[in-house]
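Listed below, chain by chain, are the residues.
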Amino acid sequence: MRLDTWRLELKTAFMSKVLTAIQPSGILHIGNYIGAIEPAVESQRDNELRMFVVDYHAITVPQKPEELRKNILTATATYLACGIDPKKTLLFQQSQVPQHTELAWILNCTARMGELERMTQFKDKTRVRGETTTVGLFDYPILMAADILLYDTAIVPVGEDQKQHVELARDLAIRFNRDFGETFVVPQPKIREVGARIMGLDDPTKKMSKSASSPKNYLSLLDDPETIRKKIMSAVTDNEGKVAFDETRPGISNLVTIFSIITKQTPEQIELDYIGKGYGDFKKDLAEALTLFLLPLQAKIKTYLEHEDELIKILNAGSTRAREEAEKKMEVVRKRVGVCLNQD
Ligand code: AQP
C-alpha cells in the first residue's frame, strides 16, 4: 500500500462524525457565525462534517413562504462563503430528507413530556408567543435529536443555548439503545470556550437572536457599514468606561468577546490596548473591524446568491446523499421498533 493511501486510511479511521445546522428563520447573525459556523468550518478540516439548513425547525414559528425560501438560499450561500466545501462536507436541506421527521415521530414516542417542558428555549419563546405557541415549537428538540442521531454523529458544535437540546438527544439515544438494542451513537455537544453565547447588543442579559423583536439586538452578517456602525455605537454597555472582559459587566464583555474572535486577539490583549481610552474609541474600532471582516464575506454571499440554480443543485446533490445515508439508519430503526415486516 502506498504511504499516502495508508495515511488517508489512517486519518479516515480517526475522523469523528460532526454535525451542525442552522435555522433559516432570518438572516444569520454574528452569534450564529461565532457559535456555530466558524467551529464547523474548523472541524471540516479533520472530520466528517454534515451541515444543513433546518427549514422544518424554522417553521415552528410563523414564516412568510417567499421569505423562508430566500432565507434557505441565503443560509446556504453563507455557509459556502464562510468556507464550507460541499466536496468535503455533506451540505443539505433538512426538509428534503423525510427520514428526519420519521425518526422524530418514533423518538416522540419515547420522550417524556417533562423532558420537553424543562427546555429553557421553549420556556423563553413561550413567554413571548403566549397563546400562539405551536406544538412544533414544543416538539422541536425531538426533531433536532433525530437530525443528530440519524447520522451516527459523535460531536455537535453548538452555542451554549443549544447544549440542553444536545443533552436531550443523548438521553434519547441511551434510552432507545437500552430498550431496543444498540442503534444510535451517543453524541457529545462541543461548546467553544469564548463566544459560546453572544449576547444581544440592545440587551446583553439575553442572547443575540435572529427572531429578536428589534433589529438592534443582532448584528446581521449582511448589515452594511453604516448599520454596523450605528448598532455597535448604540450597543448597551455600562457607566464604568473601562474596556474589560468581566462577567459582572455583560455589555462590554460581549463586545470584547466579539472583537477578540474576529481579530484573533485575546481579551487580555484588547484590555491592554484600551487602557486609558473610553468606550467610544473601542466601539469605533470594533465597528471598523467588523466592517473589514464582513465586507468580503458579504461579497462572496452576494456572488453565490446570483447563481441560485447552482445553490439549488448543491443542496439537491447533498440531500440525495443524505437520504441514502439516513435511510440505512431508518431501516435498522424500523426493524428494532418492530414495524418492519421483512425479516431479512
Ligand atoms: N447568540 C448566540 N451566540 C452563540 N451561538 C449562537 N447560536 C445561536 N445564537 C447564538 C448558535 O447558532 C446555531 C444555529 O442556531 P439556530 O439558528 O438553529 O437557532 P437558535 O439557537 O435559536 O438561534 P437564533 O438566532 O436565536 O434563532 P431564532 O431567533 O430563530 O431562535 C446553534 O449552534 C446555536 O447554538
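Read on for a plain summary of the structure. The shown structure was predicted, so the numbers you read here are calculated from the model rather than taken from an experiment.

1. Considering the layout of surface pockets
Stage number 1. Counted as a void, the largest pocket has a volume near 1,000 Å³.
Stage number 2. Lining the largest pocket are 32 residues, with Asp124, Lys125, Val128, Ser209 and Ser211 sitting closest to its centre.
Stage number 3. At the level of secondary structure, the elements contributing two or more residues to the lining of the largest pocket comprise helix H7 (120-129) and helix H9 (163-180).
Stage number 4. It is H7 that contributes the most residues to the lining of the largest pocket, seven residues altogether.
Stage number 5. Here the lining of the largest pocket is composed, by residue class, of six nonpolar, 13 polar and 13 charged.
Stage number 6. The residue makeup of the lining of the largest pocket includes at least three contributed by each of domain 1 (3-190 + 308-337) and domain 2 (215-304).

2. Quick word on the site of the ligand
Stage number 1. Near the ligand you find 24 residues, and of these Lys125, Asp161, Ser209, Lys210 and Ser211 are the closest.
Stage number 2. A distance of 2.8 Å separates an oxygen atom of the ligand from a polar atom in the backbone of Gly159.
Stage number 3. Measuring from a nitrogen atom of the ligand, one finds a backbone N or O atom of Met208 at 3.1 Å.
Stage number 4. Relative to its free-state accessible area of 630 Å², the ligand is covered by the protein chains to the extent of 98%.
Stage number 5. For the ligand, the cavity whose grid points lie within 2 Å of the majority of its atoms is the largest cavity.
Stage number 6. Secondary structure elements with two or more residues in the shell around the ligand: strand E1 (17-22), helix H2 (30-44) and H7.
Stage number 7. Broken down by element, the residue count for the shell around the ligand peaks at four residues, all from H2.
Stage number 8. Classifying every residue of the shell around the ligand gives seven nonpolar, 12 polar and five charged.

3. Remarks on the pairing of strand E2 (residues 48-53)
Stage number 1. With five of six residues buried, E2 is to be regarded as a mostly interior element.
Stage number 2. For E1 and E2, the ladder comprises six bridges, and the chain directions are parallel. From the neighbouring strand, Lys17 faces E2, where its bridge partner is Glu48.
Stage number 3. For the crossover that starts at E1, traverses H2 and ends in the parallel E2, the hand is right-handed.
Stage number 4. For E2 and strand E3 (residues 90-93), the ladder comprises four bridges, and the chain directions are parallel. Opposite Met51, over in E3, you have Leu91 as the bridge partner.

4. Structural notes on the packing of aromatic side chains
Stage number 1. For the structure on display, the rule yields nine aromatic pairs.
Stage number 2. Relative to Tyr151, the ring of Phe92 lies with its centre 5.7 Å away and its plane at 50°, an arrangement referred to as tilted. With a gap of 59 residues between them, Phe92 in strand E3 and Tyr151 in the loop between helix H8 (135-149) and strand E4 (155-157) connect regions that are remote in the sequence.
Stage number 3. For the pair Phe259 and Tyr274, a centre-to-centre distance of 6.3 Å together with 55° between the ring planes defines the contact as tilted. One end of the pair, Phe259, is in helix H11 (residues 250-263); the other, Tyr274, is in the loop between helix H12 (267-273) and helix H13 (279-305), with 15 residues separating them in the sequence. Each member of the pair, Phe259 as well as Tyr274, is classed as buried.
Stage number 4. One aromatic cluster in this structure is built from Phe52, Phe92 and Tyr151.
Stage number 5. Here Lys277 stacks its cationic end above the ring of Tyr274, 5.2 Å away from the centre of that ring.

5. Quick look at empty space enclosed by the protein
Stage number 1. In this structure the tally under the stated criterion is three cavities of 30 Å³ or more.
Stage number 2. Along its surface, the largest cavity is lined by 36 residues, and Ala21, Asn32, Asp161, Gln162 and Lys207 are the ones closest to its centre.
Stage number 3. Breaking the lining of the largest cavity down by element, the ones donating at least two residues are E1, H2, H7, H8 and E4.
Stage number 4. Volume-wise, the second largest cavity comes out at about 40 Å³.
Stage number 5. If you trace the second largest cavity, you find it lined by Met119, Gln121, Phe122, Lys125, Leu137, Tyr140, Pro141 and His165.
Stage number 6. Secondary structure elements with two or more residues in the lining of the second largest cavity: H7 and H8.
Stage number 7. Here the lining of the second largest cavity is built from residues that sort into five nonpolar, two polar and one charged.

Here is what the cut-offs are and how they apply
Residues numbered from 1 in each chain as written. Predicted model: local features only at pLDDT ≥ 70, side-chain atom pairs only at ≥ 80, totals over all residues. Heavy atoms only, no water. 1 Å grid on protein atoms, 1.4 Å probe; cavity = no way out; pocket = protein on both sides within 12 Å on 5 of 7 lines; lining within 4 Å. Points joined across faces, edges and corners; volume = space filled by probe spheres on them. Helix = DSSP H or I, 4+ residues; strand = E, 2+ residues; numbered from the N terminus. Nonpolar A, V, L, I, M, F, W, Y, C, P; charged D, E, K, R; others polar. Domains from an automatic or database assignment. Near = heavy atom within 4 Å. Polar contact = N/O pair within 3.5 Å; in protein donor to acceptor, adjacent residues only side chain to side chain. Areas by Shrake-Rupley, 256 points an atom, 1.4 Å probe, with all protein chains shown as cover. Sits in = over half its atoms within 2 Å of the grid points. Buried < 20%, exposed > 50% of the residue type's maximum accessible area, 1.4 Å probe, protein only. Pairing = 2+ DSSP bridges. Right-handed = clockwise from strand over helix to strand, strands pointing away. Phe/Tyr/Trp six-rings, centres within 6.5 Å; stacked < 30°, edge-to-face > 60°. Lys NZ or Arg CZ within 6 Å of the ring centre and 35° of its normal.

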